[in-house]
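Observations on the three-dimensional arrangement
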Amino acid sequence: MSNTQITRPLFDQLMVPNYAPLSMIPVRGEGSRVWDQEDNEYLDLTGGIAVNALGHAHPELVDALTVQAQKLWHVSNIYTNEPALQLAQKLVDNTFAEKVFFANSGAEANEAALKLARRYAQDNFSADKTEIIAFYQGFHGRTFFTVTAGGQSTYSDGFGPKPGDITHLEYNDLTALEAAISDKTCAVILEPLQGEGGVLPICNQFAIAVRALCNKHNALMILDEVQTGMGRTGHLFAYMGLDVVPDVVTSAKALGAGFPISAMLTTTKLASCLTVGTHGTTFGGNPLACAVASKAFDLINTPEMLNGVKQKEQLLRSLLTDINQQFNVFEEIRGAGLLLGAVLNEQYQGRAKDFFLASAEQGLLVLVAGANVIRFAPALNISEDEIKLAMIKFGTAVKKVVSA
Ligand SMILES: *Cc1c(COP(=O)(O)O)cnc(C)c1O
């Protein structure tokens, strides 16, 4: 089949209909720019949903990938491998963690974290210490356990009996947490900034209280940093900007900067309950993924890159504020680093998709987070000029929606 026959309608013909992709098909990318089949150029403020932290086709990542591809792709966990140990060393040296478990997706890292919490409680406390506390609008992936922990029951409904003993509370609601948590709780799982749920930041006081209550009840504090990790908020991990040290952190999305890989980070004490044979994955920690992630780690974890994220946040915020002064569409701009949400005001409730589509018409790729939030998660190395150009395009898109 020649390339010209590969069209968007083929998606509907061949693919399970669980996605609704845009009509254009991207074929190549470079930095924060993407081209479609007709060679139309787009500025990319989606970063592949907070994944492509270093943009498309970063030469050093391409190099790391191709060098490793000539050597060794996969060996299974019957062996360890050099890239996995190198990456694990970097994660341990630069975070609270002492132990690392590699998997392939955010959901799998969270699945491992939740299983660890259940196992640790069983081994060290009691068989009925199984409750997991999670939060409405939270998102932890799509395996049945993680999607049930997620805070939108519509995502987990309709698949039969759900994994049990998961309690959902309002995010940032300390009173609710104090009332719910008990010695039956084995873990509290939360995002340090709810990404999919609307780019909603945690309140530092709430994070501190979660830590204290987890200590009091011997429950693990699991921070899902799948979206916020690897420099996204201007810290290597978002917890580093909060006054807490978690028990478990999960990372995925930007960890491989576009190559699928995830990690669960924890302490030696907690990790000790996952003894040989208790958990595993075929592809987790494969040399190819780890070699790319290891290079991405070096490129992201520099003061220049992380400070750059904070500077670009200021620029993006101020340009969005300018657009809002002109068109009065947003109630607030919220988020952290290069994970920002423009929250639609009363008049534009439910219309995030319209702004998303109008942006695409201007050659600008943005994200939504629910029906009321336009989300921006560009590459961390996007240039200030690209941000300015993107906001000119976005201003035009907003104007079109407002005057339609
Ligand atoms: C994207 C995301 C996940 C799920 O990651 P997958 O790789 O799709 O399984 C989990 N948690 C958070 C916070 C996410 O943003």
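Treat the numbers as computed from the prediction; the structure is a model and nothing was measured. (Residues numbered from 1 in each chain as written. Predicted model: local features only at pLDDT ≥ 70, side-chain atom pairs only at ≥ 80, totals over all residues. Heavy atoms only, no water.)

**What to know about the domain arrangement of the chain**
For the chain, the domain assignment lists domain 1 (8–57 + 303–403) and domain 2 (72–300). Inter-centroid distance (C-alpha atoms) of domain 1 to domain 2 is 27 Å. Taken together, the contact pairs 25 residues of domain 1 with 23 residues of domain 2. Summing both partners gives a buried area of about 2,000 Å² for domain 1 against domain 2, and 63% of it is carried by carbon and sulfur. Linking domain 1 with domain 2 are 1 salt bridge. The salt bridge involving E196 is made with R375; its shortest N-O contact spans 2.9 Å. The tally of links from domain 1 across to domain 2 stands at 7 residue pairs in polar contact (both at pLDDT 80 or more). With 4 residues, helix α12 (residues 303–327) is the single largest residue contributor to the side of domain 1 that touches domain 2. (Domains from an automatic or database assignment. Contact = heavy atoms within 4.5 Å. Buried area = accessible area lost by both parts, 1.4 Å probe. Salt bridge = Lys/Arg side-chain N within 4 Å of Asp/Glu carboxyl O. Polar contact = N/O pair within 3.5 Å; in protein donor to acceptor, adjacent residues only side chain to side chain. Helix = DSSP H or I, 4+ residues; strand = E, 2+ residues; numbered from the N terminus.)

**Notes on the site of the ligand**
Near the ligand the following residues occur: S105, G106, A107, N110, F139, H140, G141, E191, D224, V226, Q227 and K253. Here a nitrogen atom of the ligand sits 3.1 Å away from a polar atom, N or O, in the main chain of F139. Measuring from a nitrogen atom of the ligand, one finds a side-chain N or O atom of D224 at 2.7 Å. In isolation the ligand exposes 390 Å². Once the protein is present, 82% of that is buried. Looking at which element gives the most residues to the shell around the ligand, the answer is helix α5 (residues 106–124), with 3 residues. (Near = heavy atom within 4 Å. Areas by Shrake-Rupley, 256 points an atom, 1.4 Å probe, with all protein chains shown as cover.)

**Observations concerning the packing of helix α4 (residues 82–94) against helix α11 (residues 287–300)**
In the contact formed by α4 and α11, the axes pass within 8 Å of each other and the chain directions differ by 35 degrees. When you trace α4 past α11, the crossing you get is left-handed. Along its contact with α4, which presents P83, A84, Q86, L87, K90, L91 and N94, the element α11 presents P287, C290, A291, A293, S294, F297 and D298. (Axes fitted to C-alpha atoms, helices over the stretch in contact; angles between N-to-C directions. Left-handed = near helix turned anticlockwise from the far one by under 90°.)

**Describing the side chain of E225**
You can see E225 is positioned in the loop between β10 (220–224) and β11 (248–251). Reaching out from E225, the side chain makes a polar contact with the side chain of T228 at a distance of 2.7 Å. Engagement of the side chain of E225 in a polar contact is seen with the backbone nitrogen of Y239, the distance being 2.9 Å.

**A closer look at the environment of L242**
Relative to the assigned elements, L242 resides in the loop between β10 and β11. When neighbours within four sequence positions are excluded, L242 is seen to be in contact with P192, I202, N204 and A207.

**Structural notes on the nonpolar core**
The biggest cluster of nonpolar side chains holds 84 residues, and the ones touching the most others in it are L91, F102, L190, I374, F376, M391 and F394. Among the nonpolar cores identified, the runner-up in size contains 23 residues, and F101, I166, C186 and I189 belong to it. (Core = buried A, V, L, I, M, F, W, Y, C linked by side-chain atoms within 4.5 Å. Buried < 20%, exposed > 50% of the residue type's maximum accessible area, 1.4 Å probe, protein only.)

**Some points on helix α14 (residues 384–403)**
The first and last C-alpha atoms of α14 sit 28 Å apart over 20 residues, in line with the 28 Å expected at 1.5 Å per residue. Three or more residues of α14 are buried, namely E386, I387, A390, M391, F394, G395, A397, V398 and V401. On its buried face, α14 sits against β3 (41–44), α12, β13 (330–336), α13 (352–361), β15 (364–365) and β17 (373–376). (Expected span 1.5 Å × (residues − 1).)

**Notes on α11**
For α11, which comprises 14 residues, the first-to-last C-alpha distance of 20 Å matches the rise-based estimate of 20 Å (1.5 Å per residue) to within 8%. Burial analysis of α11 places 12 of its 14 residues in the buried class, which makes it a mostly covered element. When we look at burial in α11, the residues that qualify are P287, L288, A289, C290, A291, V292, A293, S294, A296, F297, L299 and I300. Elements in contact with the buried residues of α11: α3 (59–69), α4, β4 (99–103) and α12.

**Some words on the pairing of β10**
The buried count for β10 comes to 5 of 5 residues, which makes it a mostly enclosed element. Taken together, the 4 bridges between strand β7 (residues 185–190) and β10 define a ladder with parallel strand orientation. In the strand pairing of β10, V188 is matched with M221. (Pairing = 2+ DSSP bridges.)

**Describing the pairing of strand β1 (residues 26–30)**
With 4 bridges connecting them, β1 and strand β2 (residues 33–36) associate as antiparallel partners. Bridge pairing links G29 to V34 in β2. Taking the residues between adjacent antiparallel strands as the criterion, β1 and β2 are bridged by 2 residues, where G31 takes a positive phi near 60 degrees.

**Considering the sheet that holds β3**
To summarise the sheet geometry, strands pair through backbone hydrogen bonds and adopt either a parallel or an antiparallel arrangement. The 4 strands lie next to each other as β1-β2-β3-β15, forming an open sheet whose pairing is mixed. Looking at the sheet topology across the chains shown, the edges are occupied by β1 and β15. Judged from the 3 bridges that link them, β2 and β3 form a sheet pairing that is antiparallel. Counterpart to V34 in the pairing with β3 is Y42.

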